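# Geometric and topological summary
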Amino acid sequence: MTALVQRPVVARDSTGAFTLDADLLARHFGWPAETLRDFMRRGMVSSTVERGEGDDEGRWRLGVRCGNRRWQAIVEPDGAVVSEHVEFVPLRTGKVEGI
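The rules behind these values
- Residues numbered from 1 in each chain as written.
- Predicted model: local features only at pLDDT ≥ 70, side-chain atom pairs only at ≥ 80, totals over all residues.
- Heavy atoms only, no water.
- Axes fitted to C-alpha atoms, helices over the stretch in contact; angles between N-to-C directions.
- Helix = DSSP H or I, 4+ residues; strand = E, 2+ residues; numbered from the N terminus.
- Parallel < 35°, antiparallel > 145°, perpendicular 65-115°, else oblique.
- Contact = heavy atoms within 4.5 Å.
- Nonpolar A, V, L, I, M, F, W, Y, C, P; charged D, E, K, R; others polar.
- Phe/Tyr/Trp six-rings, centres within 6.5 Å; stacked < 30°, edge-to-face > 60°.
- Buried < 20%, exposed > 50% of the residue type's maximum accessible area, 1.4 Å probe, protein only.
- Lys NZ or Arg CZ within 6 Å of the ring centre and 35° of its normal.
- Arc of directions from axis to C-beta.
- Pairing = 2+ DSSP bridges.

### Concerning the packing of helix α1 (residues 22-29) against helix α2 (residues 33-41)
The geometry of α1 relative to α2 is characterised by a closest axis approach of 8 Å and an angle of 105° between their N-to-C directions. In terms of axis orientation, α1 runs roughly perpendicular to α2. Facing A22, D23, L25, A26 and F29 of α1, the residues of α2 in contact are A33, L36 and R37. Class assignment for the residues of the contact of α1 with α2 results in six nonpolar, no polar and two charged.

Here is the structure:
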(Lines give C-alpha, C1' and ligand atoms only; values in the text may rest on other atoms or scores of the structure.)
Protein backbone atom coordinates (compact mmCIF):
# COMPACT_ATOMS: atom_id res chain seq x y z
CA MET A 1 0.00 0.00 0.00
CA THR A 2 1.36 3.45 -0.88
CA ALA A 3 1.04 6.35 1.52
CA LEU A 4 -0.78 9.42 0.31
CA VAL A 5 1.53 12.42 0.66
CA GLN A 6 -0.34 15.64 1.28
CA ARG A 7 1.30 18.71 -0.20
CA PRO A 8 1.41 21.90 1.86
CA VAL A 9 -1.30 24.40 0.96
CA VAL A 10 -1.07 28.18 0.96
CA ALA A 11 -4.30 29.90 2.02
CA ARG A 12 -5.85 33.03 0.53
CA ASP A 13 -7.91 35.61 2.35
CA SER A 14 -11.24 37.10 1.25
CA THR A 15 -9.45 39.55 -1.08
CA GLY A 16 -7.44 36.79 -2.76
CA ALA A 17 -4.16 37.73 -1.07
CA PHE A 18 -1.92 34.83 -0.05
CA THR A 19 -1.47 34.22 3.68
CA LEU A 20 1.43 32.25 5.11
CA ASP A 21 1.67 30.45 8.43
CA ALA A 22 4.34 32.28 10.46
CA ASP A 23 5.15 29.18 12.54
CA LEU A 24 5.82 27.08 9.45
CA LEU A 25 7.83 29.82 7.75
CA ALA A 26 9.94 30.33 10.89
CA ARG A 27 10.74 26.60 10.96
CA HIS A 28 11.88 26.82 7.32
CA PHE A 29 14.24 29.64 8.32
CA GLY A 30 15.49 27.69 11.36
CA TRP A 31 14.11 30.19 13.87
CA PRO A 32 11.54 30.14 16.66
CA ALA A 33 8.24 31.66 15.51
CA GLU A 34 8.66 34.57 17.91
CA THR A 35 11.92 35.56 16.21
CA LEU A 36 10.19 35.81 12.83
CA ARG A 37 7.27 37.73 14.37
CA ASP A 38 9.74 40.16 15.96
CA PHE A 39 11.45 40.71 12.60
CA MET A 40 8.01 41.29 11.03
CA ARG A 41 7.10 43.88 13.69
CA ARG A 42 10.41 45.64 13.02
CA GLY A 43 9.75 45.77 9.26
CA MET A 44 12.60 43.40 8.44
CA VAL A 45 10.57 40.92 6.33
CA SER A 46 9.71 41.47 2.69
CA SER A 47 7.65 39.36 0.32
CA THR A 48 7.05 38.98 -3.40
CA VAL A 49 4.25 37.47 -5.43
CA GLU A 50 4.77 36.72 -9.10
CA ARG A 51 2.05 35.49 -11.46
CA GLY A 52 3.09 32.74 -13.86
CA GLU A 53 2.97 33.38 -17.60
CA GLY A 54 3.05 31.11 -20.63
CA ASP A 55 3.60 27.50 -19.55
CA ASP A 56 3.35 28.61 -15.91
CA GLU A 57 0.04 30.46 -16.28
CA GLY A 58 -2.17 29.83 -13.25
CA ARG A 59 0.79 29.21 -10.96
CA TRP A 60 2.34 31.68 -8.56
CA ARG A 61 5.86 32.13 -7.21
CA LEU A 62 5.86 33.38 -3.65
CA GLY A 63 8.95 34.64 -1.89
CA VAL A 64 9.72 35.81 1.64
CA ARG A 65 13.04 37.34 2.57
CA CYS A 66 14.44 38.21 5.96
CA GLY A 67 18.09 39.04 6.42
CA ASN A 68 20.20 36.49 4.58
CA ARG A 69 17.38 33.94 4.14
CA ARG A 70 14.89 33.64 1.31
CA TRP A 71 12.02 31.14 1.07
CA GLN A 72 10.44 30.59 -2.33
CA ALA A 73 7.54 28.39 -3.36
CA ILE A 74 5.67 27.57 -6.54
CA VAL A 75 1.94 27.41 -5.86
CA GLU A 76 -0.82 25.88 -7.98
CA PRO A 77 -4.16 27.68 -8.52
CA ASP A 78 -5.70 25.58 -5.70
CA GLY A 79 -2.99 26.74 -3.27
CA ALA A 80 -1.02 23.47 -3.30
CA VAL A 81 2.72 24.01 -2.96
CA VAL A 82 4.46 22.05 -5.73
CA SER A 83 7.99 23.07 -4.79
CA GLU A 84 9.68 25.16 -2.15
CA HIS A 85 13.16 25.90 -0.95
CA VAL A 86 15.11 28.12 1.44
CA GLU A 87 18.40 29.63 0.44
CA PHE A 88 20.99 31.87 1.98
CA VAL A 89 21.49 35.08 0.03
CA PRO A 90 23.76 38.11 0.43
CA LEU A 91 22.53 40.73 2.87
CA ARG A 92 21.17 43.90 1.33
CA THR A 93 23.40 46.65 2.62
CA GLY A 94 21.62 49.51 4.33
CA LYS A 95 18.26 47.69 4.34
CA VAL A 96 18.35 45.29 7.28
CA GLU A 97 20.06 45.72 10.61
CA GLY A 98 20.27 43.52 13.65
CA ILE A 99 20.47 40.13 12.01
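Resuming the write-up.
### Observations regarding the packing of aromatic side chains
Following the criterion strictly, the structure yields three aromatic pairs and no others. Seen from their ring centres, W31 and F39 are 5.1 Å apart, and the 75° between their planes marks the pair as edge-to-face. Residue classification places W31 among the buried positions, given a relative accessible area of 14%. Ring-pair connections join several aromatic residues into one group, and the members of that group are F29, W31 and F39. Across the ring face of F18, the terminal group of R12 is positioned such that the distance to the ring centre comes to 4.1 Å.

### Things to note about α2
In an α-helix, one turn spans 3.6 residues, which is why side chains three or four residues apart end up on the same side. Here α2 has its buried residues at A33, L36 and F39. End-on, the buried residues of α2 take up no more than an arc of 125°, which puts them together on one face. Those residues of α2 that are buried are in contact with α1, β3 (45-51) and β4 (60-66). Immediately beyond the C-terminal end of α2, within one or two residues, lies G43, with a positive phi of roughly 75°.

### A closer look at the sheet that holds β4
Spatially, the four strands line up as an open sheet ordered β3-β4-β5-β6, and their pairing is antiparallel. Two strands bound the open sheet, and with one partner strand each, they are β3 and β6 (81-88). Taking each pair of neighbouring strands and ignoring which way they run, the sheet shows an average axis angle of 15°. With seven bridges joining them, β4 and strand β5 (residues 69-75) adopt antiparallel strand pairing. Paired with G63 across the two strands is Q72, which belongs to β5. Docked against the sheet, α1 engages β4, β5 and β6, running at close to 125° with respect to β5.

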